[in-house]
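In case you want the letters, here they are:
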Amino acid sequence: MNQSTFKLVFTFIVNPRLRDLIKRYFRARVNFWQPATFRPYLKHVKPFLIRLGELYPDLDSFSYLTREMIEPALNHPYWIDQTGEQRSITGYHRAKMASFLDGMFTYMRLHDWLEAPLRPLIFPEDKLGRPFRRPRPIPESVLTQLDAHLHLLHPYAHNLVEILRVVGLRGEDALHLREDCLDWDAAGDPRLHWYNHKMKRDGRPLPITKEVARAVERQRELVKDITDHFGGHYLFRTEYGLYQFESFCNQLTALAKKAPLLGPDGKVYRLTPHAFRHTVGTQMLNNGMSLIDVMTYLDHRSPMMTLNYTQIFDETLKNKFKEMVQSGRATGGIALVALKEQLDNGDESELDWVVSNLRRLSLPWGYCLHHAKASKCPYGQNACFTKDNGPCHKLVTAPEHAPVIVTTLEDLKKSRNIAQEKGWEMYANDLGDQIDGMEKVLSELELPVEMRQKNRGGQR
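Attention here is on the structure that accompanies the text.

Turning our attention to the nonpolar core. Counting residues in each nonpolar core, the largest one holds 48 residues, and the members touching the most others are Ile163, Val167, Leu169 and Leu192. Counting only elements with at least two residues in this core, the list comes to helix H5 (140–149), helix H6 (155–167), helix H7 (171–175), helix H8 (210–223), helix H9 (245–258), helix H10 (273–286) and helix H11 (291–298). Ranked by the residues each element gives to this core, the list is headed by H6, at seven residues. Leucine 192 has contacts with Ile163, Val167, Leu169, Leu177, Cys181, Arg204, Pro205, Leu206, Ile208 and Val216, leaving out every residue within four places of it along the chain.

Here you go:
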């Protein structure tokens, strides 16, 4: 970080006694906050202090403050910066400002400062900012464009993108990778060692691709003759210190404009380092990994952070299943017909239930639309193909399920032949029912949509 990161300017507080009071509080926090924390905190509280100074220019102590006095400053919609430009105060910024003020006022009261407020001035609702934002993975089309233009990036940024694309580290953690971060397990597969700065602990070694390993090795070559700063042997060091996060962001933005990288809306897509993390987490869930595996890999603080990724996962599943039903690719009985009619009428209530239960409903040979609140289904071996003297009316099968059905069908035919040879008539008949049901489903998949049976398992 450069020196400006740690430079604090209090001159915007016109009243000298109030300025000394704020400085005193910041000095009291030196042993408790990280060095880079001071400047953002001062930035959060700046609009409030400026507005408070305008309303009460002679105020030099918080002991006189009342809730009525601070509300105009706390809820003001904008502030004027040092250049004279009017800047809006967002709900998120206001919540940060209120949180800082609450901490400062509480500290002053607990330590019996004469200038401390006499009563609590910040209420819980003041600290409610924007809701937790859902992950924003990079669209697949943008990633494809990025791959085609990676060679235009600065070598440091190029290697960093290669790593983030697969590993999904936070920007701070990736920039602090060390030269010896690359390791190989007993099977000869590469792993990445890293430090989680947010959790203040070593992260678990992450399995990586050989492409990521090559990116690390390329970066090692770039820094092998550069002086080691801070004794850290950082992989992304430069002659002037550590490779800057801002520089990386600016280079990504410049590439997006130069290429250009276009999003689904046809506009230039602005890439951010953290979006790669969102992309990795979303891809892992979409590929069938469990929440526990994703949480462990990304080293989240709590399961709630990982659960937030399921919003994207559920949306992906919903769009995929909806397209399959409405396109006519899938074959099924009256349950599928009813679902399609609902979707055609704009009713997605049943679809939402199906998607939320899709993991439980998924079978090797299709999807079961049997509702959890309905009477128990007579489950049995391949009952899906024999329940209604043929395929069950709640079984939905798409072309991607056909290979499993064909393989299963071949095994069942072999088993039926053996059963017939040995005279096991009941078992052979049972296998025959299953075979007939599977062959019927396969034949339906080959028919045009308009020629498929609409009343399998019941009357319409």
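Taken together, three strands build an open sheet; the order of strands is S3-S4-S7 and the sheet is antiparallel. Strand pairing shows two members of the sheet lacking a second neighbour, strand S3 (182–184) and strand S7 (206–207), which therefore form its edges. With three bridges connecting them, S3 and strand S4 (residues 190–192) associate as antiparallel partners. Residue pairing for S4: aspartate 183 is matched across the bridge by arginine 191. Contacting S3 and S4, H8 runs over the sheet at an angle of about 135° to S3.

Within the secondary structure, histidine 44 sits in helix H2 (residues 38–55). Take histidine 44: its relative accessible area is 17%, and that puts it in the buried class. With sequence-adjacent residues up to four places away left out, histidine 44 is seen in contact with His93, Lys96 and Met97.

Moving on to a nonpolar patch on the surface. On the surface, Leu291, Met304 and Leu307 cluster together into a nonpolar patch covering about 260 Å² of accessible area. Tracing the backbone shows leucine 291 in helix H11.

A word on unusual backbone geometry. For the bond running from alanine 259 to proline 260, omega is -15°, close enough to zero to count as cis. Within the fold, proline 260 resides in the loop between H9 and H10. Non-glycine residue aspartate 112 carries a positive phi angle of around 55°. Looking at where aspartate 112 falls in the secondary structure, it is placed in the loop between helix H4 (91–110) and H5. With relative accessibility at 65%, the residue aspartate 112 sits in the exposed group.

Another point: the pattern of salt bridges. Note on pairing: side chains with opposite charge can pair once their charged atoms come close. For the structure on display, the rule yields 18 salt bridges. Glutamate 162 is paired through a salt bridge with arginine 218; the nearest N and O atoms lie 3.8 Å apart. Residue glutamate 162 is located in helix H6, and its partner arginine 218 is located in helix H8; the two are separated by 56 residues in the primary sequence. Looking at glutamate 162, the relative accessible area reads 22%, which means it is partly exposed. With its nearest N and O atoms 3.0 Å apart, the salt bridge here joins glutamate 179 to arginine 237. With a gap of 58 residues between them, glutamate 179 in the loop between H7 and S3 and arginine 237 in strand S8 (residues 237–238) connect regions that are remote in the sequence. Overlapping salt bridges, with partners in common, bring together Arg67, Glu71 and Asp126 in one network.

Criteria and thresholds
- Residues numbered from 1 in each chain as written.
- Predicted model: local features only at pLDDT ≥ 70, side-chain atom pairs only at ≥ 80, totals over all residues.
- Heavy atoms only, no water.
- Core = buried A, V, L, I, M, F, W, Y, C linked by side-chain atoms within 4.5 Å.
- Buried < 20%, exposed > 50% of the residue type's maximum accessible area, 1.4 Å probe, protein only.
- Helix = DSSP H or I, 4+ residues; strand = E, 2+ residues; numbered from the N terminus.
- Contact = heavy atoms within 4.5 Å.
- Pairing = 2+ DSSP bridges.
- Axes fitted to C-alpha atoms, helices over the stretch in contact; angles between N-to-C directions.
- Patch = residues over 30% accessible without salt bridge, like charges linked within 9 Å, V, L, I, M, F, W, Y side chains within 5 Å.
- Areas by Shrake-Rupley, 256 points an atom, 1.4 Å probe, with all protein chains shown as cover.
- Salt bridge = Lys/Arg side-chain N within 4 Å of Asp/Glu carboxyl O.

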